[in-house]
Structure formats: structure tokens, C-alpha cells
Amino acid sequence: MNVRDSEIVLGILKQAGYVPVDTVEEADVVLFNTCSVRRHAEQRAISNMGILLKRRQAKTKIYGMIGCTAQALKGDLFQHLPGLSLVCGTGEIHRLPELIEQARQAPVLACGHLNGDIPEISCDYRQNKASASVLIMRGCNNFCSYCIVPFVRGKERSRQAGDIVQEIEALAREGIKEVMLLGQNVNSYRDKDVDFVDLLQQVNAIDGIEKIRFMTSHPKDASLKLFEAIRDLGKVDKHLHLPLQSGSDRILKLMNRGYTAKKYLGLIKQLRKLLPGCRISTDIIVGFPGEKEADFQKTLRLMKKIRCAAAYIFKYSPRPPAQSADLIDDVPKEVKEKRHRIILNLQRSISKMAKTVKVVILILAFSFLGVGQLFAASDSLKRAETLLLKEAYPEAAKECQRVLSGGERRRIKSKAQYLLGLSLLKQGKFEPARENFRQILRQGRSSEFSDDAALGIADSYFLAGEASRAQVEYEQFLKDFKHSELIPLAREHLNQCTQGTAYNNSYFSVQLGCFSNKGNAENLRDELIHRGYQAYIVDSSGAGLFRVLVGKFNNRLQAELLEQKLKKQGYATKVCP
């Protein structure tokens, strides 16, 4: 959400005649758009601004703090930061050009309009030309006891559905293919008779938009209607982020979350029954005031039952004026650290176990082919993809065979042949699967899926327990496809094969930093998560280094595409296995 706010700020200022520059030294106006959800992020923003103000050279420059920290601390920031020109809260961002001009004469404090209607700002600036974030609502009415959001973003206000659809239609005309619908609690979106699922249906019908994501959902408002929409609307990403926070009913009540652990577990079971392939992620807070060891163990047990694909785990810190700031922060720092480490290791083991033989081939399929390519295939291939996600392998095979029996283009048939091979492989029909992969190879090694098929043959022998034959096939692959992006994966599988280890899945990621201070790594990770990326930290044991990585791809090309995207956003990156 802060990323979209920053885009709005840039767009407003560009419309007012301002031009972005590359360095602080060149700038006439320096603005920090801030987040105050975590205390450390707030402190870091104040510290960095303080450093700039101390070394300022031109007194004519405008230095401003905007966003959530500005809304939370208001005029106190002028005392913390002598020389600050402007403090602008979340409800006044649309007035920035006017406020900057006022700040040239005297310091300006603008933190009103917090609960006013959302102004429809005419701003078409987007940092990313492939995907776009779209605000559908602001504020929050939940008042979770640990959360500062209602105090810095105001009460819940939904934008008009027609304005949202009009904005996304304009994005589609500009070539944007993917949108992320943003709100503190999208489940409670409502514009007259239009609720969130109705809005999803309207966006799903927009020509040119190929993928729809949304963030974030609240468990107390999650419903069967939402789950059915995720299942049935073809453009909606099969992913749901559903923050749990704690597995203890006592702590959930203290947090004012509005649901029990039993209700949360029931929602997960309901979703997985409707859509077995849906990816679920969650948030967890450890060390909330009053959290006993028994409460923490309940969280661990529930996490083991839920088995989310990803979890974002935070150590509690008080955020006044949120209600929990009045409670005694009685869980020692070292206990918070220990619980954080335990639950982090649990999630790592769950994520690792998800890459077993039962699912690894399907993951490889979508990584090798490219999700975008797959969704662009024929209707039958779209249905096959959905069936594969649901683990309905015989039905998926039938859809592929329907394509192969028709008059489709060669490329479409090759794709169907490959998916059919995967469907058969998932059913343990190794020889028929190999025959499908061999048919692709008969088209020549220049075929788009030839390296995928060759590796599929080698993997099929490995899965069938024929390690010696698998070793031969992997070695042949390395000779025949020296320039394939799948070479690192083949080498990894060959290494597993020769060592007699279980078939596993390696991946490529994009590294954005390597830190000796874990706190710095966590700050970058959290920033990336707020930007909508799958970011995580890898501890290089023994070296005292913490690497920040984004994404897990079986395909190096996909990692390189993500790397290009991140570079355009100003990050220093590299692809690493």
C-alpha cells in the first residue's frame, strides 16, 4: 500500500511540474514516505532523515516526512528532526504540491482529513509497466489491539466500484496485464450493493487483464462466497493471504481478532476442499503481552495442521496508541527471539516438505513453461492446468488428449504433449509418460519443450527408483543441452541421484542484499513483503551473514525476469541458486 502511495505522490508532483532526480544532492524536495506498523521501521526512517538534515547544504531545500509515521507523530517530528520542513499525514497527500509551496516560507504540519472520503486522484504514474497496484479502500475498522493502522489511516472507506473498474480498464489499455487490489481488509469492501466478490467479478471481466491478486483478507470476514470466487474466476490468482497471528484463543481475544483457532482451521479446510491447489500464506506474531509457553505451543500445533506455503513471522512490539501498548510487554526479548526462531524453522520445514515427489513435478511444469504462457494456451489447456492444480490427473490427461486429437498448432500440441506426460507421471505411469516426452524430442532438439521433455525422462527414471538409468539420462542431458536454463537443476538432480538421496527440487532466487546484521536484513525483507514480493532471509550458518532473497524458481529465466523488474525499482540484485 505504501508503494502505491509513493506512486501517487510521484504522479501528483510530476503533474505539478516537478521532475524526479537520481540523488539527494540534486533534489530541491526530499520526501520520506514512511511506515509505522513496526517500531523499527519508524525509527529507521527518523534516523535516516536525521542524517540527511545534519549534512544538508542548501537551506532552500524542502525536507518532508509523509505517510503513517507523519500521521502518528505529527508535530513531534519537528522536535525529533530540527530543520524538517514538512509533516504530511496519510489524509493530506493529495495536497502535496500546495503544502510544499507553503513549506518554502515556514514549516508545515498537515495531518487532517484522516477520515474523509478518498479523493479520486488523476494520476497514471506507475513504476512497474507489467503489473499495477490499485487501492480499493483505505483505513480499517477492526482495531486489532496491537495495530496502529486505524489511527494512522483512519476509518474504513471504500472507493466507488465504477471508479475502480474505470482505473483498471485504463491500465489494461496501457498494456498492464496484472493488478493487485489493495486494502487493509478487502473482505469488507462495499460500495452500496457491490461487495468484494462482486468487484472481483467485474475486474475479471475486463479485457486485457490476465491476472488478479489481492491483499489482505481478514479471517473474521472470509467466506464461502470468496473461496468460490477464487476457484471459479479464471483470472484470480489461486492464492489467499489469511493472517492467523496466534493459535491461542486467549491471545486472539486479547488481540481483538474476532475469531477462534477452530474457526480459522475450519476456513482453511473449507478452502482446500473447494480448491486443493490453492496456495495459502499467513502472518504470525510471537511474544504478544501475556503469551505463555502453552499459548505458543498452541500456535505451533495449529501451524502444523494448517501447513501454509509461506508465513511472515514478527516479534511483537508496542505501537501506541494501539490498545496493547497499555499492556505490560512481559515477554522477554530473548524469549521472543527463541519463539521467532522456532516457528521460523517449523515453517521452513513445512515449505521444504511441500517439495516432495507428490508435488514436485507439477511445480516444475509450471516453472518450466511459464505461468503466463500456460494461461495463454487453448481453453482445453487452461482446464488441464486447473485440473492439475486440483490433482485431478486423469481428467487433466483427457483435456490434453483432446488438444492432441484436434487441429491445434504445433506449439500448442507440444505443450499439451508435455502436460500429458506430467499427468501420467503424477499417476505413476512412467513408461507412457516417457513416450510423451520422447514424442516431443522427435520433433528435434530445437523444439520449445525439448529440454523440458529430456529432463522429464531423466526425472521419471529417478522417480521410478531406477537410479543408474536416471544417472545416464541426466549425464546425456548435460551433454545435449549445454545452453539450457535447466542445467543447474539437472546437475542438482544428478548429484542427488549419485549420492543416493531422495528426489528433491532445487530453485533459483534473486538476492538483494547480504548483511552481517540480521536487523538490517529483516528491514529489507519487510520492505519487499510490503511491496508484494515473496521475500525471505537465508542464514549462512557459520559465516554470520544473512542473505535477503526473493522468489523460488525452478527456471533461471523466470528469476532473471524478476531480477530485471527489481532492478527497475532501484534494487541491486543478482540471481543465485
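A.B. asks: Which residues make up the sheet that holds strand β13 (residues 279-286), and what are the values?
C.D. replies: On the basis of which strands lie adjacent, the open sheet formed by 3 strands has the order β12-β13-β14 and parallel pairing. Sheet topology places β12 (239-241) and β14 (310-315) at the edges, where each strand pairs with a single neighbour. Between one strand and the next, the sheet's axes are offset by a mean angle of 15°, whatever the strand orientation. Here β12 runs beside β13; their pairing, made up of 3 bridges, is parallel.

A.B. asks: Run through the pairing of β14, naming residues and quoting values.
C.D. replies: Among the 6 residues that make up β14, 5 are buried, leaving the element largely enclosed by the rest of the structure. Note that β13 and β14 share 6 bridges and pair parallel. By the bridge assignment for β14, Thr282 is matched with Ala311. The β-α-β motif built from β13, the intervening helix α12 (residues 293-306) and the parallel element β14 has right-handed crossover chirality.

A.B. asks: Go over the nonpolar core, please, and point to the residues and values.
C.D. replies: Grouped together as the largest cluster of nonpolar side chains are 61 residues, with contacts concentrated most on Val179, Leu181, Leu200 and Phe214. If one sorts the elements of this core by residue count, helix α11 (residues 261-274) sits on top with 7 residues. Not counting the four nearest positions on each side in its chain, Phe214 is found in contact with Met180, Leu181, Val186, Phe196, Leu200, Leu226, Ile230, Val236, His239 and Leu240. In terms of nonpolar packing, the next biggest core, distinct from the first, is built from 35 residues, Leu419, Leu420, Ile487 and Leu494 among them.

A.B. asks: Account for the pattern of salt bridges, naming residues and giving values.
C.D. replies: In total, this model carries 21 salt bridges according to the counting rule given. Between Glu431 and Arg438 there is a salt bridge whose closest N-O contact spans 3.0 Å. Between Glu435 and Arg442 there is a salt bridge, and its shortest N-O distance comes to 3.0 Å. With relative accessibility at 29%, the residue Glu435 sits in the partly exposed group. A cluster of three or more residues bridged by salt bridges with shared partners is formed by Asp5, Arg138 and Arg153.

A.B. asks: Describe the sheet that holds strand β11 (residues 211-215), and please don't skip the residues or the numbers.
C.D. replies: Read from one edge of the open sheet, 3 strands run β5-β8-β11, paired in parallel fashion. With one partner strand each, in any of the chains shown, β5 (131-135) and β11 form the two edges of the open sheet. Averaged over all pairs of adjacent strands, the angle between their axes in this sheet comes to 25°, without regard to strand direction. In terms of strand pairing, strand β8 (residues 178-182) meets β11 through 5 bridges, oriented parallel. Following the sheet pairing, Glu178 is matched in β11 by Lys211. Running at roughly 165° to β5, helix α7 (residues 161-173) makes contact with β5 and β8 of the sheet.

A.B. asks: Give a detailed account of the environment of Gly532, specifying residues and quantitative values.
C.D. replies: Within the element layout of this structure, Gly532 appears in the loop between α23 (518-530) and β16 (535-540). By relative accessible area, Gly532 is classed as partly exposed at 29%. A sequence separation of 317 residues divides Gly532 from Met215, and the C-alpha atoms of the two residues are 8.7 Å apart.

A.B. asks: Any details on unusual backbone geometry? Residues and values, ideally.
C.D. replies: Across the chain, the bulk of peptide bonds are trans and the bulk of non-glycine residues have phi less than zero. A cis amide bond links Met215 to the next residue, Thr216, at an omega of 5°. Looking at the element boundaries, Thr216 is found in the loop between β11 and α9 (224-232). We note that Gln245 has phi near 75°; this positive angle belongs to a residue other than glycine. Here Gln245 falls in the buried class, since its relative accessible area comes to 7%. Of note, Asn256 is a non-glycine position whose phi angle comes to about 60°, a positive value. The residue Asn256 is located in the loop between α10 (249-255) and α11 in this model.

Parameters at a glance
- Residues numbered from 1 in each chain as written.
- Predicted model: local features only at pLDDT ≥ 70, side-chain atom pairs only at ≥ 80, totals over all residues.
- Heavy atoms only, no water.
- Pairing = 2+ DSSP bridges.
- Helix = DSSP H or I, 4+ residues; strand = E, 2+ residues; numbered from the N terminus.
- Axes fitted to C-alpha atoms, helices over the stretch in contact; angles between N-to-C directions.
- Buried < 20%, exposed > 50% of the residue type's maximum accessible area, 1.4 Å probe, protein only.
- Right-handed = clockwise from strand over helix to strand, strands pointing away.
- Core = buried A, V, L, I, M, F, W, Y, C linked by side-chain atoms within 4.5 Å.
- Contact = heavy atoms within 4.5 Å.
- Salt bridge = Lys/Arg side-chain N within 4 Å of Asp/Glu carboxyl O.

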